[in-house]
Amino acid sequence: MQGKWRTGEPRSITLRFLSAVSSLPSVPPLCAVDERLVLCFGLAIDLTLLATASRMLQDQDPLWHIKLGEVILATHHVPDRDLFSYTMAGAPYYDMQWLSQVIMSLAYKLGGFGGVVALTALAAALAFALLYRELLRRLSDPTALALAGIAVVLCMSHMSARPHVLVSPIMVAWTIWLIRSAEAGQAPPLVLLPLMTLWANMHGSFLFGLALILPFAIEAMLRAGNQRFLAAWCWLGFAALAVAAASLSPYGIGQLTAPLRVLDLGKAANWIVEMRPQDFSEPNLFELFVLFALGCVFFSGITIPAPRLVMLLLLLHLALSHTRHADFLGLVGPLIVAESIARRFPETASLAPRVPWLTQVVFALCIAALA
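Procedures and definitions
- Residues numbered from 1 in each chain as written.
- Predicted model: local features only at pLDDT ≥ 70, side-chain atom pairs only at ≥ 80, totals over all residues.
- Heavy atoms only, no water.
- Helix = DSSP H or I, 4+ residues; strand = E, 2+ residues; numbered from the N terminus.
- Buried < 20%, exposed > 50% of the residue type's maximum accessible area, 1.4 Å probe, protein only.
- Contact = heavy atoms within 4.5 Å.
- Areas by Shrake-Rupley, 256 points an atom, 1.4 Å probe, with all protein chains shown as cover.
- Axes fitted to C-alpha atoms, helices over the stretch in contact; angles between N-to-C directions.
- Parallel < 35°, antiparallel > 145°, perpendicular 65-115°, else oblique.
- Left-handed = near helix turned anticlockwise from the far one by under 90°.
- Nonpolar A, V, L, I, M, F, W, Y, C, P; charged D, E, K, R; others polar.
- Phe/Tyr/Trp six-rings, centres within 6.5 Å; stacked < 30°, edge-to-face > 60°.
- Lys NZ or Arg CZ within 6 Å of the ring centre and 35° of its normal.
- Patch = residues over 30% accessible without salt bridge, like charges linked within 9 Å, V, L, I, M, F, W, Y side chains within 5 Å.
- Salt bridge = Lys/Arg side-chain N within 4 Å of Asp/Glu carboxyl O.
- Core = buried A, V, L, I, M, F, W, Y, C linked by side-chain atoms within 4.5 Å.
- pLDDT = per-residue confidence, 0-100.
- Expected span 1.5 Å × (residues − 1).
- Bend = angle between axes of the 7 residues up to and from the residue.

**What about the overall build of the protein?**
So, point 1. In terms of helices and strands, the protein carries 18 helices and zero strands.
So, point 2. Burial analysis of the protein (371 residues in total) assigns 46% to the buried set.
So, point 3. Long-range pairs, those at least 24 residues apart, make up 79% of the contacts in the protein with a sequence separation of at least 6.
So, point 4. Summing over all exposed atoms, the protein offers an accessible surface of approximately 19100 Å²; the carbon and sulfur share of this is 70%.

**A few points about the side chain of Thr 197**
So, point 1. Tracing the chain through its elements places Thr 197 in helix α9 (residues 193-200).
So, point 2. Setting aside its immediate chain neighbours within four residues, Thr 197 contacts Ala 245 and Leu 248.

**Here's the deal with the packing of helix α8 (residues 168-184) against helix α16 (residues 326-344)**
So, point 1. Two numbers describe how α8 lies on α16: the axes approach to 10 Å, and their chain directions differ by 20°. By the angle class used here, α8 and α16 are roughly parallel. As for the relative orientation of α8 and α16, their crossing is right-handed in sense. Residues Ser 168, Met 171, Val 172, Thr 175, Ile 176, Ile 179 and Glu 183 of α8 form the contact with α16, whose own contacting residues are Phe 328, Leu 331, Val 332, Leu 335, Ile 336 and Glu 339.
So, point 2. Each residue belonging to the contact of α8 with α16 can be placed in one class, and the counts come to nine nonpolar, two polar and two charged.

**Some points on the packing of aromatic side chains**
So, point 1. Under the definition given, this model contains six aromatic pairs.
So, point 2. Each residue in the set Trp 174, Trp 199, Trp 235 and Phe 238 is aromatic and connected to the rest through ring pairs, giving one cluster.
So, point 3. Residue placement shows Arg 180 over the ring face of Trp 177; its charged tip is 5.5 Å from the ring centre.

**Some words on a nonpolar patch on the surface**
So, point 1. Taken together, the side chains of Leu 43, Leu 47 and Leu 50 define a hydrophobic patch exposed on the protein surface, amounting to about 220 Å² of accessible area.
So, point 2. The residue Leu 43 is located in helix α2 (residues 35-51) in this model.
So, point 3. Judged by relative accessible area, which is 40%, Leu 43 ranks as partly exposed.

**Section: the side chain of His 65**
So, point 1. Topologically, His 65 is positioned in helix α4 (residues 61-75).
So, point 2. Those residues in contact with His 65 that sit more than four places away from it in its chain are Gln 97, Gln 101, Met 104, Arg 162 and Pro 163.

**Some thoughts on the nonpolar core**
So, point 1. Among the nonpolar cores identified, the biggest contains 89 residues, and Phe 128 and Trp 174 are the most heavily contacted of them.
So, point 2. Broken down by element, this core gets its largest block of residues, 18 residues, from helix α5 (residues 98-136).
So, point 3. In contact with Trp 174, not counting residues within four places along its chain, are Leu 192, Met 196, Trp 199, Gly 209, Leu 212, Ile 213, Phe 238 and Ala 242.

**Concerning the pattern of salt bridges**
So, point 1. Inspection of the entire model under this criterion finds twelve salt bridges.
So, point 2. The closest approach of N and O atoms between Arg 133 and Glu 35, which form a salt bridge, is 3.0 Å. Of the two residues, Arg 133 sits in helix α5 while Glu 35 sits in helix α2, which places them 98 residues apart along the sequence.
So, point 3. The partly exposed category is assigned to Arg 133, whose relative accessible area is 28%.
So, point 4. Residues Arg 138 and Glu 183 are paired through a salt bridge, measuring 3.0 Å at the closest nitrogen-oxygen approach.

**Some thoughts on the confidence of the model for the protein**
So, point 1. Scored by pLDDT, the protein comes out at a mean of 82, with 82% of its residues at no less than 70.
So, point 2. Predicted confidence is poor over residues 1-7, with pLDDT under 50, and the contacts of this stretch with residues over four places away or in other chains come to four contacts.
So, point 3. Contacts of residues 349-353 to residues separated by more than four positions or lying in other chains number seven contacts, the stretch itself having pLDDT below 50.

**Some details on α16**
So, point 1. Over its 19 residues, α16 extends 26 Å from the first C-alpha to the last, a length consistent with the 27 Å expected when each residue adds 1.5 Å.
So, point 2. Within α16, the axis deviates most sharply at Val 332, by approximately 35°, and proline Pro 334 lies no more than four positions further along.
So, point 3. In terms of burial, α16 is a largely internal element, 17 of the 19 residues being buried.

**Things to note about the environment of Val 38**
So, point 1. Within the fold, Val 38 resides in helix α2.
So, point 2. Val 38 sits 96 residues away from Glu 134 along the chain, and the two C-alpha atoms are 9.6 Å apart.

**Describing the environment of Lys 109**
So, point 1. Structurally, Lys 109 is set in helix α5.
So, point 2. Residue classification places Lys 109 among the exposed positions, given a relative accessible area of 56%.
So, point 3. Each C-alpha atom of the pair Lys 109 and Ile 66 lies 9.6 Å from the other, and the pair is 43 residues apart in sequence.

**Examining helix α12 (residues 228-246)**
So, point 1. In this model, α12 (19 residues) spans 27 Å end to end at C-alpha, consistent with the 27 Å of a helix rising 1.5 Å per residue.
So, point 2. In this structure, the buried residues of α12 make contact with α8, α9, α10 (206-211) and α11 (213-223).

**Concerning the packing of α8 against α11**
So, point 1. Two elements in contact, α8 and α11, have axes whose closest approach is 7 Å; the angle formed by their N-to-C orientations is 20°. One way to sum up the angle between α8 and α11 is to call them roughly parallel. Considering the relative orientation of α8 and α11, their crossing is right-handed. In this structure, α8 uses Trp 174, Leu 178, Ile 179, Ala 182 and Glu 183 to contact α11, whose residues at the interface are Ile 213, Phe 216, Glu 219, Ala 220 and Arg 223.

What follows is the structure in structure tokens.
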């Protein structure tokens with residue numbers, strides 16, 4: 001019985017689990033990226049969205065956002081009372097997306113609905129290009145392209161001319177820097193704070209960005225070794241500054257609680273299609289990709305560090321609870337699992353043949369033409 005345990009390994013299952021969680025493996029080095037590949041991928045996304053422009057305007061919300069932007073530009077005042085609802089006129093109102101609405105209104109003045117669609121397509125293309133670039137730095141071309149493609153499909157059903165698309169590049173950039181800082185065992189750079197201020201004034205999903213700080217702070221502490229307490233204090237200071245940066249809005253500290261009112265709709269949320277939970281009564285792409293991802297994890301034996309596994313499960317919970325949150329899973333999920341895939345298959349990034357960038361240009365144009 002003594003031989004079944006390795007020397008120095010604790011016999012208690014609990015202690016073995018805590019030991020495995022507290023000693024994260026080293027992070028594979030990042031690879032150089034051919035920026036032409038990133039440009040081609042972003043161009044393909046942009047052209048595809050422009051080719052399906054009418055679909056991006058089927059939602060009623062763009063009209064409301066453009067009108068509110070016009071009111072803000074005309075009055076030089078962000079509304080704090082409901083202006084349009086018949087039954088709730090004059091009720092307290094938090095316009096968490098006022099900056100996005102101003103930007104959309106300016107785009108409408110410059111180019112009509114075509115200008116709004118072009119702005120939205122550009123923001124989405126930038127977000128997916130940033131995602132694809134980070135994946136290329138960690139994985140082989142086919143793997144990075146597959147993960148980025150899954151992200152596009154998961155987000156495409158919610159791809160409309162609305163503020164959540166405009167802030168998607170900020171979400172991706174914020175997550176990338178948190179991951180890199182956690183892997184280095186140090187606090188994120190302070191240059192991220194203006195991004196949080198911008199995010200908080202453009203869309204209520206900034207709370208998701210604040211929530212990401214905690215699990216990555218825990219990972220940074222685990223990777224910092226003997227400097228864990230210093231790393232903890234640095235991340236705590238960054239979290240406090242991030243909350244302060246998010247409060248730099250016309251509503252002050254009230255900006256932090258306003259997004260929770262949207263989620264606290266009770267049974268009324270069932271009347272809003274995008275707030276409903278996922279429907280598995282019929283096969284759909286979301287179910288297909290979730291089952292595919294689970295199969296890949298079980299088949300390949302990929303292990304995900306505990307802090308990232310918790311994040312991934314929470315993202316899956318959000319996506320299952322509300323269809324609109326599949327965007328979070330699509331844009332942030334691949335970034336969370338990329339390091340684990342690279343560690344499980346270290347030979348793929350170095351030995352896999354690089355696809356010529358000209359081939360990818362032709363492939364991107366074919367996709368856009370087909371759309």
